[in-house]
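Spelled out from the first residue to the last, the chains are:
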Amino acid sequence: ASAQELRIGFLNTTSGPGAIVGRHLERGWQLGLEHEGWTKDGDRLGGVPTRIFYADDQTKPDVALKEVEKFIKQDKVQIVSGIIWSHVLLAVQKPIFDANVLLFSGNAGATPLAGELCNPRFVTVSFVNDQVAEAMGILANRDKLKTVFAMAPNYQAGKDVITGFQMTYKGKIAGQTLFKPGETDYQADISRVRAEKPEAVFYFGPGAMGISFMKQWAASGVGKDIKLYTQFTVDWISLPVIGDAALGTFHTNQWDIDSKNETNQKFIKDYVAKFGGMPPHYAQQAYDGPRLLAAALKATGGKFDDPVAFMKAMRHTPYPSSRGPYKYNVNGIPIQDFYKREVVKNADGKLWIKTVGIAVKDSTDPYWKECPEANRL
């Protein structure tokens, strides 16, 4: 590989139940590349000839490890990006860092990488998993909820989200359940919620899990007496399938869909024109990736041979983000606003995810203090 060519490995999920998320992650990534003038291998990104390699992790850590090994040993990449799932991120981080390769997450935000496993070769355009849930806890306090029942799948991200909510929520957790990943039958859980009679339910369940829960929640009628706050459940992937069952629900997110930011407006307009539907936040984050990479390459004069120096440029170079300007903490996690969003019907009677205010201003993840001094950047 030429020292003058930037080589990126994009690890995504393109098969199995997680493929629907992977499709939007890749679409956002590719649109960001196009907006930076890159459409094919050999085109310049930030003035540097760039080649991109793609792989499917199948949501399986062992498969991800094999693909990352190929990226590093055969494709000779300098950066690994993409990555939807936190358990995949945790599996691949060590071999990536051991090879002195940069890890640039497009979505996954496992908490250990913000704290004890933080590394100067890491950066993300998303957040730490529980950071969004912390915003939800603050929102629940603001809404004066005294009792909340918490639900999440039993894996890294689910545990992180429950922890984040409990870190900021000042009321009583009336009950909690960690259901099996991929769960689609929530009748027993909903019956338990009905018996506990909390003021609200806080539910985290991406993809098919969330769609099943939302439909069963609506059918049960329990939502007439109990408010529903969701996390990574209602988005532009699931909303068309969930339909009116999502109406009136709340969630938090780092992306203000309604922002008049010029980059955001162009991103949404071009995404809808190219792919025929609104982008979910997975696409928004992935879109920011190439925009940040290009800005850092320009700032360094196209030099990326020193991984830590280049990562420093990525963390400290302003770029046209679809969420507007933000800063990075010493562990590579964004310091950014989180918004309260509600599902409403717009003037045309169509379901819409509306930003109704800021839940947290300049949110800083709570783990950065656990990042060893030598690894801070």
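Figured I'd write up the structure that's included with this text. (Residues numbered from 1 in each chain as written. Predicted model: local features only at pLDDT ≥ 70, side-chain atom pairs only at ≥ 80, totals over all residues. Heavy atoms only, no water.)

Another point: the overall build of the chain. When you go through the chain residue by residue, the secondary structure sums to eleven helices and 14 strands. Taking the principal axes of its C-alpha atoms as reference, the chain extends roughly 65 × 45 × 35 Å. For the chain, the proportion of its 377 residues judged to be buried stands at 59%. Carbon together with sulfur atoms contributes 51% to the accessible area of the chain, which is approximately 15,000 Å² in total. Computing the positive centroid from 45 side-chain charges and the negative centroid from 40, the chain places the two 2 Å apart. (Helix = DSSP H or I, 4+ residues; strand = E, 2+ residues; numbered from the N terminus. Buried < 20%, exposed > 50% of the residue type's maximum accessible area, 1.4 Å probe, protein only. Areas by Shrake-Rupley, 256 points an atom, 1.4 Å probe, with all protein chains shown as cover. Lys, Arg positive; Asp, Glu negative; His and termini not counted. Charge placed at Lys NZ, Arg CZ, Asp CG, Glu CD.)

Turning our eyes to something else, we now look at the layout of surface pockets. Quantified by volume, the largest pocket comes out at close to 490 Å³. Forming the boundary of the largest pocket are 22 residues, of which P17, G18, W85, P206 and M209 lie nearest the centre. Of all the elements in the fold, those that place two or more residues in the lining of the largest pocket are α1 (19-35) and α7 (207-220). No other element matches the four residues that α7 contributes to the lining of the largest pocket. Of the residues assigned to the lining of the largest pocket, the class counts are 13 nonpolar, eight polar and one charged. (1 Å grid on protein atoms, 1.4 Å probe; cavity = no way out; pocket = protein on both sides within 12 Å on 5 of 7 lines; lining within 4 Å. Points joined across faces, edges and corners; volume = space filled by probe spheres on them. Nonpolar A, V, L, I, M, F, W, Y, C, P; charged D, E, K, R; others polar.)

What follows concerns the environment of G115. Topologically, G115 is positioned in the loop between β5 (102-105) and β6 (122-124). The class of G115 is buried, set by a relative accessible area of 0%. Considered as a pair, G115 and P366 are 251 residues apart in the sequence and their alpha carbons are 8.6 Å apart.

Further remarks concern the pairing of β5. Side chains of β5 alternate between two faces, with L102 and F104 and L103 and S105 buried alike. Bridge count for strand β4 (residues 79-82) against β5 is four bridges, and the pairing is parallel. Within β5, the residue paired with S81 across the bridge is F104. Crossover connection from β4 via helix α3 (residues 86-98) to parallel β5: handedness right-handed. Where β5 meets β6, three bridges bridge the pair, whose relative direction is parallel. Following the sheet pairing, F104 is matched in β6 by V123. (Pairing = 2+ DSSP bridges. Right-handed = clockwise from strand over helix to strand, strands pointing away.)

This part covers the packing of helix α6 (residues 187-196) against α7. Contact geometry of α6 with α7 gives a least axis separation of 10 Å together with a crossing angle of 45°. Considered as vectors, α6 and α7 are oriented oblique to each other. The chirality of how α6 crosses α7 is right-handed. Side by side, α6 and α7 meet where Q187, I190, V193 and R194 of the first sit next to F213, Q216, W217 and S220 of the second. (Axes fitted to C-alpha atoms, helices over the stretch in contact; angles between N-to-C directions. Parallel < 35°, antiparallel > 145°, perpendicular 65-115°, else oblique. Left-handed = near helix turned anticlockwise from the far one by under 90°. Contact = heavy atoms within 4.5 Å.)

Right, let's talk about the sheet that holds β4 for a bit. The mixed open sheet is built from six strands, whose spatial order is β2-β3-β1-β4-β5-β6. Edge positions in the sheet fall to β2 (44-45) and β6, since each of these pairs with one other strand and no more. Direction of pairing for β2 relative to strand β3 (residues 48-56): antiparallel, over a ladder of two bridges. Looking across to β3, one finds that R44 is bridged to P49. Across the sheet, α3 lies against β1 (6-12), β4, β5 and β6, angled at about 155° from β5, the strand it touches most.

This brings us to the side chain of D43. Here D43 shows up in the loop between α1 and β2. Once residues within four sequence positions are removed from consideration, D43 is found in contact with G37, W38, V48, P49 and T50.

So, about the state of the cysteines. Evaluation of the coordinates by the stated rule reveals one disulfide. The residue that forms a disulfide with C118 is C371, at a sulfur-sulfur distance of 1.9 Å. Here the disulfide of C118 and C371 is right-handed, its torsion about the S-S bond being about 75°. A residue pair is termed long-range when its members are at least 10 positions apart, and C118 in the loop between β5 and β6 and C371 in the segment after β14 (351-363) qualify at 253 residues. Taken individually, C118 and C371 each receive the classification buried, so the pair is uniform in this respect. (Disulfide = S-S within 2.5 Å.)

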